[in-house]
Amino acid sequence: MTVSPAPAVIQTPAVAPAHDSPRLLADVGGTNARFALEVGPGRIESIEVLPCASYATLADAVRAYLASAAVAAVAGGPIRHAAIAIANPVVGDMVRMTNHHWEFSIEALRRELRFETFVVVNDFSALAMALPHLADGDKQQVGGGSVRAGTPIGLVGAGTGLGVSGLIQGEHGGWTALCSEGGHVTFSPANETEVAILQFAWREFEHVSAERLLSGAGVELIYRALADHRGQPAEALDAPEISRRGLSGECPLCEEVLEAFCGMLGTVAGNLAVTLGAQGGIYIGGGIVPRLGARFGQSCFRQRFEQKGRFVQYLAQVPTYVITAEYPAFVGVAAILADKLGNPAGK
């Protein structure tokens, strides 16, 4: 079990009462499963990160988290209510992860773990629900633009896969998160180099989605494709090493990989902005971009975001933000669970 180095408590309101019993929250990706307990509205404690590969099933991972002495002390007894955000479509009762081998019946897992309430939602729908609650210190603006109140918000994030979602504001101020699988749209090249990358990718995949390139595995695919395109030998490098070499400046090819990645993401983010009319802004989540630090802001991302011909001026007014908060999905999944329990204020 890996314990997060981040602060153990996320507290949104200044004063928050305790729930009648702690609620289990989880954010499950293709690589890691993040768990926490919400002991009161916005009071999120006992954050721990478990590698998915270490557990045969999601139930095993949940039990391992709850068996921790520190977690058990906070829980104070059986967990009654739980909500999981998972990197996968959630349609019906059966969930089969796209980027990991876990699969389960929601109802069977609820009974197995003895939860009274068990909510399973797409991870980016949960992350989208957190966006209106992010403080200024939880995000970093890239480029210009300003928020137009009451308009849709877009969300895209690259990690193990490529997540996409958005928020639409209702008549009375509430938000509805979109259950999107937009990461699987067909990749669209924007220049000759990207055409060459796409042609290389076609050797491996009949359908090249945006996720095939805008993900951890995608960074590696871009590297191999560019090495082939430049007539250079490709080393057996994983995504973290490609990023490290690119950020350090020690490998020009790896630098080109990062620039290509940022440009492609700019195009996808711009597509999402015009598709949703997201004048409330586009947010960038996922694990890859925050690790690029200042390099992302210096990249061609924003230029490519605005590169939409007659719609350049439209997109120039749409702000783009990198989410810097470490565990924002917990806030969103907690709000979804509270709504399910009939107390949207989190009481």
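Because the structure is predicted, anything quoted here is derived from the model rather than measured.

Asker: Just checking my understanding: could you explain the packing of aromatic side chains for this structure?
Answerer: To describe a pair of aromatic rings, you give the distance between the ring centres and the angle between the ring planes. All chains considered together, the criterion is met by seven aromatic pairs. When the centroid spacing of 4.6 Å and the interplanar angle of 40° are considered together, the rings of Phe296 and Phe301 count as tilted. Per residue, the accessibility class of Phe296 equals that of Phe301, and both read buried. Among the aromatic residues, those joined into a cluster by ring pairs are Phe296, Phe301 and Phe305. One Lys or Arg, Lys139, reaches over the ring of Tyr321 and ends 4.9 Å from the middle of that ring.

Asker: Just to check I follow, could you spell out the environment of Arg148 for this structure?
Answerer: With respect to the secondary-structure elements, Arg148 resides in the loop between β10 (139-142) and β11 (153-158). Taking the C-alpha atoms as reference, Arg148 lies 14 Å from Val274; in sequence the two are 126 residues apart. Excluding residues that lie within four positions of it along the chain, Arg148 makes contacts with Gln279 and Gly280.

Asker: Honestly, the sheet that holds β11 in this entry has me stumped. Any pointers?
Answerer: Each strand in a sheet pairs with its neighbour through backbone hydrogen bonds, running either in the same direction (parallel) or in the opposite one (antiparallel). Within the open sheet, the six strands sit side by side as β10-β15-β14-β11-β12-β13. Their pairing is mixed. The two strands at the open ends of the sheet, each matched to only one other strand, are β10 and β13 (175-177). Taken over all neighbouring pairs, the strand axes of this sheet differ in orientation by 25° on average, direction set aside. Across the sheet, helix α4 (residues 123-130) lies against β11, β12 (162-169), β13 and β15 (320-323), angled at about 45° from β12, the strand it touches most. Against the sheet, helix α9 (residues 252-276) touches β11, β12 and β14 (282-285), its axis set at about 155° to β11.

Asker: Just checking my understanding: could you explain the side chain of Thr267 for this structure?
Answerer: Checked against the element boundaries, Thr267 lands in helix α9. A distance of 2.9 Å separates a polar atom in the side chain of Thr267 from a polar atom in the side chain of Arg304. Once you skip the residues sitting within four places of it in the chain, Thr267 turns out to touch Ala190, Arg304 and Lys308.

Asker: Looking at this structure, how should I read unusual backbone geometry?
Answerer: Among all residues except glycine, the phi angle is most often negative; among peptide bonds, the trans geometry is most common. Despite not being glycine, Ser46 shows a phi value in the positive range, around 55°. By the secondary structure assignment, Ser46 is in strand β5 (residues 43-51). Residue Arg114 is not a glycine yet carries a positive backbone phi of 60°.

Each value, and the rule that gives it
- Residues numbered from 1 in each chain as written.
- Predicted model: local features only at pLDDT ≥ 70, side-chain atom pairs only at ≥ 80, totals over all residues.
- Heavy atoms only, no water.
- Phe/Tyr/Trp six-rings, centres within 6.5 Å; stacked < 30°, edge-to-face > 60°.
- Buried < 20%, exposed > 50% of the residue type's maximum accessible area, 1.4 Å probe, protein only.
- Lys NZ or Arg CZ within 6 Å of the ring centre and 35° of its normal.
- Helix = DSSP H or I, 4+ residues; strand = E, 2+ residues; numbered from the N terminus.
- Contact = heavy atoms within 4.5 Å.
- Pairing = 2+ DSSP bridges.
- Axes fitted to C-alpha atoms, helices over the stretch in contact; angles between N-to-C directions.
- Polar contact = N/O pair within 3.5 Å; in protein donor to acceptor, adjacent residues only side chain to side chain.

Just geometry here; none of it tells us what the structure is for.
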